[in-house]
Amino acid sequence: MASYELYRKSSIGTSLTDALEEMVTNGTITPLLAVKVLMQFDKSMQDALQTKVKSKTHFKGHLHTYRFCDNVWTFILENAAFKTDNETQSVDHVKIVACDAKIIAR
C-alpha cells in the first residue's frame, strides 16, 4: 500500500523527523532505519485517521487559492470557520491539503 508523506509536516511528524536525524547523527540508528521508521509513520497515520477518527468537521471561508497537482488538492482559505458537533473555531488563514484515498489504496 502506498502512502503520502503529508503527515511528516505535522507537529508530531517534525518532532519524529528531528529525533531521527539526531539519532542518525549520533550513530544510534542507520539512515536506512530512519527512512523505514518514517515510512511506517506515514502508513500508521493514514490508518489511524481512516479507522479511529469518527468525528466530522464542516468548514467555510473565503477561497484565496486552490491547486490540483499529482492528484493532490491544495486549498488556501481566509477567514475560515471550522465547526464540529459542539465547537466552532475561526482562523485567519488555513492551508488544506487533500489526497484521493482511492489512489492510496491501489
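Before reading on, note that the structure itself is shown above.
Each residue is numbered by its place in its chain's sequence as written, counting from 1. Since the coordinates come from a predicted model, pLDDT governs what is reported: local features require at least 70, and pairs of side-chain atoms require 80 or more to be given and counted, while whole-chain, interface and lining totals use all residues. Only hydrogens and water are set aside; all other atoms, that is, all heavy atoms of the structure, feed into the side-chain values.

### Looking at the pairing of strand β3 (residues 88-99)
Here comes step 1: Of the pairings in the sheet, the one linking strand β2 (residues 72-83) to β3 comprises 11 bridges and is antiparallel in character. Across the sheet, the residue bridging to Lys83 is Thr88, located in β3.
Here comes step 2: A loop of four residues connects β2 with β3, the two strands running antiparallel in sequence. Strand pairing requires that DSSP identify at least two bridges connecting the strands. Helix and strand assignments come from DSSP, with helices taken as H or I runs of at least 4 residues and strands as E runs of at least 2, each series counted from the N terminus.

### Here's the deal with the packing of aromatic side chains
Here comes step 1: Classification of ring pairs rests on two measures: the distance between centres of Phe, Tyr or Trp rings, Trp counted by its six-membered ring, which must be within 6.5 Å, and the angle between planes, read as stacked under 30 degrees, edge-to-face over 60 and tilted in between. Across all of its chains, the model carries four aromatic pairs by this definition.
Here comes step 2: Seen in terms of ring centroids, Phe68 and Trp73 are 4.6 Å apart; in terms of plane orientation they differ by 40°. Their pairing is tilted.
Here comes step 3: Residue burial is assigned from relative accessible area. The probe radius is 1.4 Å, only protein chains are included, and a residue is buried under 20% of its type maximum, exposed over 50%, and partly exposed in between. Under the relative-accessibility criterion, Phe68 is labelled partly exposed at 46%.
Here comes step 4: Ring centres of Trp73 and Phe75 lie 5.5 Å apart, and the angle between their planes is 10°; this geometry places the pair in the stacked category.

### Side note on the sheet that holds strand β1 (residues 58-69)
Here comes step 1: Spatially, the three strands line up as an open sheet ordered β1-β2-β3, and their pairing is antiparallel. Sheet topology places β1 and β3 at the edges, where each strand pairs with a single neighbour. The average undirected angle you get between the axes of adjacent strands in this sheet is 15°.
Here comes step 2: Across 10 bridges, the pairing between β1 and β2 is antiparallel. From the neighbouring strand, His58 faces β2, where its bridge partner is Lys83. Axis lines are fitted through C-alpha atoms, for helices just across the contact stretch, and the angle between N-to-C directions can take any value from 0 to 180 degrees.

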